[in-house]
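Listed below are the residues making up each chain.
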Amino acid sequence: MVLKAFFPTCCASVDSGLLVGRWVPEQSSAVVLAIVHFPFIPIQVKELLAQVQQASRVGVAVLGTWCHRRQEPEESLGHFLEGLGTIFSHEPWLQLCRERGSKFWSCKATRRQVPTSPSAPGEDQVMLIFYDQRKVLLSQLNPPAALPDRQAGDATASAGGLAAVFDTVARSEALFRRDRFDEGPVRLSHWQSEGVEASILVELAKRASGPVCLLLSCLLSLISTASACRVFRLWPLSFIWSKLSTCEQLRHRLGQLTLIFSTQKAENPAQLMRKANMFVSVLLDVALGFALLSWLHGKDRIGQLADALVPVADHVAEELQHLLQWLMGAPAGLKMNRALDQVLGRFFLYHIHLWISYIHLMSPFIERILWHVGLSACLGLTVALSILSDIVALLTFHIYCFYVYGARLYCLKICGLSSLWRLFRGKKWNVLRQRVDSCSYDLDQLFIGTLLFTILVFLLPTTALYYLVFTLLRLLVVTVQGLIHLLVDLINSLPLYSLGLRLCRPYRLAAGVKFRVLEHEAGRPLRLLMQINPLPYSHVVHTYRLPSCGCHPKHSWGSLCRKLFFGELIYPWRQRGDKQD
């Protein structure tokens, strides 16, 4: 039988002692966690292991002995190490020894029980696998489901043994903390034996973050309670709260801060990674917001933007007027219905005049409004971008109104034509059963239907042209807003902390391990070095991607084309309801 002994590389040069770790019978593996050095009292070692086992719920035990022959070997030390097996009974009993001044190791695994069959050997072969204890402790082994490029059976079989090793080291952190700041009655060697100063600084930072998180959590709870007041649920405020991108982003940011500064401890590494990703995302967002704020308030750029905003709005209104005058004539040589063309053109021109008057009425207050909007950048670049999206929506509200008027008129004619076309075929739409049924019509109904169908057919090109022009303008505005929201969602959902770990410390996100042969000679135990394979960047983004606010509905290309053809309103105010006739 071949036993696998996982030995930490940090203990390869320490003094002789006892091997402390966990035995995994399912994998026939022994995970060595630390080495207890001489001198020690056996009862104190057993008490220490009992405390660690109670705190970590890991079956920690003495697995065997470790002998590092730095000097000439003494017979008394060899007899003493052999006698420890009677005090700390464990099956099998490991005996690891490193020869003096040589790279060769000797590994034995003996069983004190009498073999059941004469052919069963009393000593097992040992495969020695070295691992970096610090990297294994800090790494997070991702499940096989996150790695689609592997075979499912092989990934499950290999991940079972690896998960036991990673889980043992991760849950045995209580053992590593025993002599973090001072040496106790039992002297241990493990990965943190030389990191005392860094451990003290980390512990001080953890203790200082508790009161800060408690204070901020109370403040955020007060803000959440105030935002949930009944006053904000009234119709005008609730409508504005649900439609403005700024309100959606502020709600999303409040949820992020509530999760970050929560006093509850993360239950698993996934929640801890999510908190860290949110913290880094918010920190970067606020830093970019302050950079934007300093740029806006430098060299009076806000005044320059305010002075340029009104002329740009006037120029857009003038271009719309020229476009309407072109449509009221003979656009591209098309023969339009002159009466309907003049009515629609004058109706839209009147709205443009109203819009120009509104812009000139607001022009004295634009600079102050932009100044207060610039201050909102201290809440983050995403908040400033959301406000920019709302400003674009407000400045192009007349284009949205034109699109709604044209879409409703076009949709009305399309529905009328489809209903009259069913009338010619002797059918009608059954509203109750939501299907097309046969129906008999008299002569008067067919005559009136023919007249209405003819009128709608000849008026359709004029209406369709206005609808096409204003739909293209609306899609242009939607594209600009979509790019802004895409940038906001990218900042909100990108796992920056995980990507930073993958770049600087790739072992923290483990996709698996690989083994490198250190020694493979006849009569010597096989020695391997376990190295961590990092998770690919694409899988890091897919696994640790943060949820975005998602404040606007998303349409597929087929659904979008169907809505545009039938004149249904798209993005962001209306959704398609039931079919009506």
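Residues numbered from 1 in each chain as written. Predicted model: local features only at pLDDT ≥ 70, side-chain atom pairs only at ≥ 80, totals over all residues. Heavy atoms only, no water.

**Examining the overall build of the protein**
Condition: In this description a helix means any DSSP run of H or I spanning at least four residues, a strand means any run of E spanning at least two, and both kinds are numbered starting from the N terminus. Partly exposed residues are those whose accessible area sits between 20% and 50% of the maximum for their type, while under 20% is buried and over 50% is exposed, using a 1.4 Å probe and protein chains only. By the convention used here, residues are in contact when the closest approach between their heavy atoms is within 4.5 Å. In these tables, accessible area is a Shrake-Rupley quantity obtained with a 1.4 Å probe, and a residue counts as shielded only by the protein chains included in the view.
Counting its regular elements, the protein contains 18 helices and 13 strands. For the protein, the residues scored as buried account for 40% of the 581 residues in total. Within the protein, contacts between residues at least 6 apart in sequence are counted, and of these 72% link residues at least 24 apart. Surface exposure of the protein reaches about 33100 Å², of which carbon and sulfur atoms provide 63%.

**What to know about helix H1 (residues 42-56)**
Which entries qualify depends on this criterion: A helix's residues, less one, multiplied by 1.5 Å, set its expected span. Regarding the arc, it is the one traced by the directions from the helix axis to the C-beta atoms.
If you check H1, its first and last C-alpha atoms are 21 Å apart, about what 15 residues at 1.5 Å a residue would give, namely 21 Å. The set of residues buried in H1 consists of Val 45, Leu 48, Leu 49, Val 52 and Ser 56. For H1, the angular spread of the buried residues around the axis is 95°, confining them to a single face. For H1, the exposed residues set more than 90 degrees away from the buried face come down to Ile 43 and Gln 54. Just downstream of H1 lies Arg 57, where phi reads positive at about 55°.

**Concerning the environment of Val 20**
Structurally, Val 20 can be placed in strand S2 (residues 17-24). Apart from the residues lying within four places of it in its own chain, the contact partners of Val 20 are Val 31, Val 32, Leu 33, Ala 34, Val 36, Leu 49, Val 60, Ala 61 and Leu 175.

**Remarks on the nonpolar core**
The test is simple: For the purposes of this section, nonpolar cores are sets of buried Ala, Val, Leu, Ile, Met, Phe, Trp, Tyr and Cys residues that join through side-chain atoms within 4.5 Å.
By size, the foremost hydrophobic cluster in this structure holds 37 residues, and its most contacted members are Val 31, Val 36, Val 45, Tyr 131, Val 169 and Met 530. Non-local contacts of Val 36, meaning those with residues more than four positions away in its chain, are made with Ser 16, Gly 17, Leu 18, Val 20, Val 45, Val 186, Arg 187 and Leu 188.

**Observations concerning the packing of helix H9 (residues 269-296) against helix H16 (residues 496-504)**
To be explicit about the condition: Axes here mean lines fitted to C-alpha atoms, for a helix over just the part in contact, with angles spanning 0 to 180 degrees between N-to-C directions. Roughly parallel covers angles under 35 degrees, roughly antiparallel covers those over 145, roughly perpendicular covers 65 to 115, and oblique covers all other angles.
Between H9 and H16, the least distance of the axes is 7 Å, while the angle of their chain directions is 100°. The orientation of H9 with respect to H16, classified from their angle, is roughly perpendicular. Facing H9, whose interface residues are Met 273, Ala 276, Asn 277, Val 280, Ser 281 and Leu 284, H16 presents Leu 496, Tyr 497, Ser 498 and Leu 501.

**Examining the pairing of strand S1 (residues 2-8)**
Short version of the rule: When DSSP finds at least two bridges between two strands, those strands are taken to pair.
Burial analysis of S1 places five of its seven residues in the buried class, the great majority of the element. Alignment of S1 against strand S3 (residues 29-37), held across three bridges, turns out to be parallel. Counted as the bridge partner of Ala 5 is Ala 30 from S3.

**What to know about the UniProt feature "transmembrane region" (unreviewed entry) in the protein**
Defined as follows: UniProt positions are given in the numbering used here, feature names are shortened, and annotations may be inferred rather than shown by experiment.
Under the local residue numbering, the UniProt record ascribes the feature "transmembrane region" (unreviewed entry) to residues 278-296, 343-361, 373-396, 445-469 and 475-499. Taken end to end, residues 445-469 is 100% helix and 0% strand, and its first and last C-alpha atoms sit 35 Å apart.

**Things to note about the environment of Lys 135**
Residue position: Lys 135 is located in helix H3 (residues 133-138). Spatially, the C-alpha atom of Lys 135 lies 9.6 Å from that of Trp 191, the residues being 56 residues apart in sequence.

**Points about the packing of helix H11 (residues 338-362) against helix H14 (residues 397-424)**
Stated formally: Put simply, a crossing is left-handed when the front helix is turned counterclockwise from the back one by less than a right angle, and right-handed when it is turned clockwise.
Closest axis-to-axis distance for the H11/H14 pair is 10 Å, and the angle between their directions is 155°. Viewed along their axes, H11 and H14 adopt a mutual orientation that is roughly antiparallel. The element H11 and its partner H14 pack so that their crossing is right-handed. Each of Leu 340, Leu 344, Phe 347, Phe 348, His 351, Ile 352 and Trp 355 in H11 lies in contact with H14, whose residues at this interface are Phe 397, His 398, Phe 402, Tyr 405, Leu 409 and Lys 413.

**Some details on helix H13 (residues 381-395)**
Its 15 residues give H13 an end-to-end C-alpha distance of 21 Å, which sits within 8% of 21 Å, the value for a rise of 1.5 Å per residue. The set of residues buried in H13 consists of Leu 381, Thr 382, Val 383, Ala 384, Leu 385, Ser 386, Ile 387, Ser 389, Asp 390 and Val 392. Of the surrounding secondary structure, the elements contacted by the buried residues of H13 are helix H8 (245-260), H9, helix H12 (366-375) and helix H15 (443-493).

**Topic: the packing of aromatic side chains**
Counted only if it meets this: Two rings from Phe, Tyr or Trp (for Trp, the six-membered ring) form a pair when their centres sit within 6.5 Å of each other. Planes less than 30 degrees apart are called stacked, planes more than 60 degrees apart edge-to-face, and all others tilted.
As enumerated under the stated definition, the model contains 14 aromatic pairs in all. An angle of 90° between the planes, with centres 5.2 Å apart, marks the rings of Phe 565 and Phe 566 as edge-to-face. The class for Phe 565 is exposed, based on a relative accessible area of 52%. Given a relative accessible area of 35%, Phe 566 falls into the partly exposed group. Aromatic ring contacts, followed pair by pair, group Phe 347, Phe 348, Phe 402, Tyr 405, Tyr 466 and Phe 470 into a single cluster.

**Remarks on the environment of Arg 253**
Among the secondary structure elements, Arg 253 is positioned in helix H8. In sequence terms Arg 253 and Met 278 are 25 residues apart; their C-alpha atoms lie 9.8 Å from each other. When neighbours within four sequence positions are excluded, Arg 253 is seen to be in contact with Val 282, Asp 285, Leu 379, Gly 380, Thr 382 and Asn 492.

**Considerations on the confidence of the model for the protein**
The cut-off we apply is this: The predictor's confidence in any single residue is recorded as pLDDT, a number from 0 to 100.
Here the protein averages 79 in pLDDT, and 80% of its residues register 70 or above. Segment residues 144-158 is flagged for pLDDT under 50; beyond a separation of four residues in sequence, or across chains, it makes 13 contacts in the model.

**Some words on the pattern of salt bridges**
The condition is simple: By definition here, a salt bridge exists when the distance from a side-chain nitrogen of Lys or Arg to a carboxyl oxygen of Asp or Glu is within 4 Å.
Scanning the model with the defined rule gives five salt bridges in all. Its salt-bridge partner being Arg 251, residue Glu 248 comes within 2.8 Å of it at the nearest N-O pair. Of this pair, Glu 248 and Arg 251 both sit in helix H8, three residues apart, which is roughly one turn of that helix. By relative accessible area, which is 15% here, Glu 248 ends up buried. Residue Arg 251 is classed as partly exposed on the basis of its relative accessible area, which comes to 34%.

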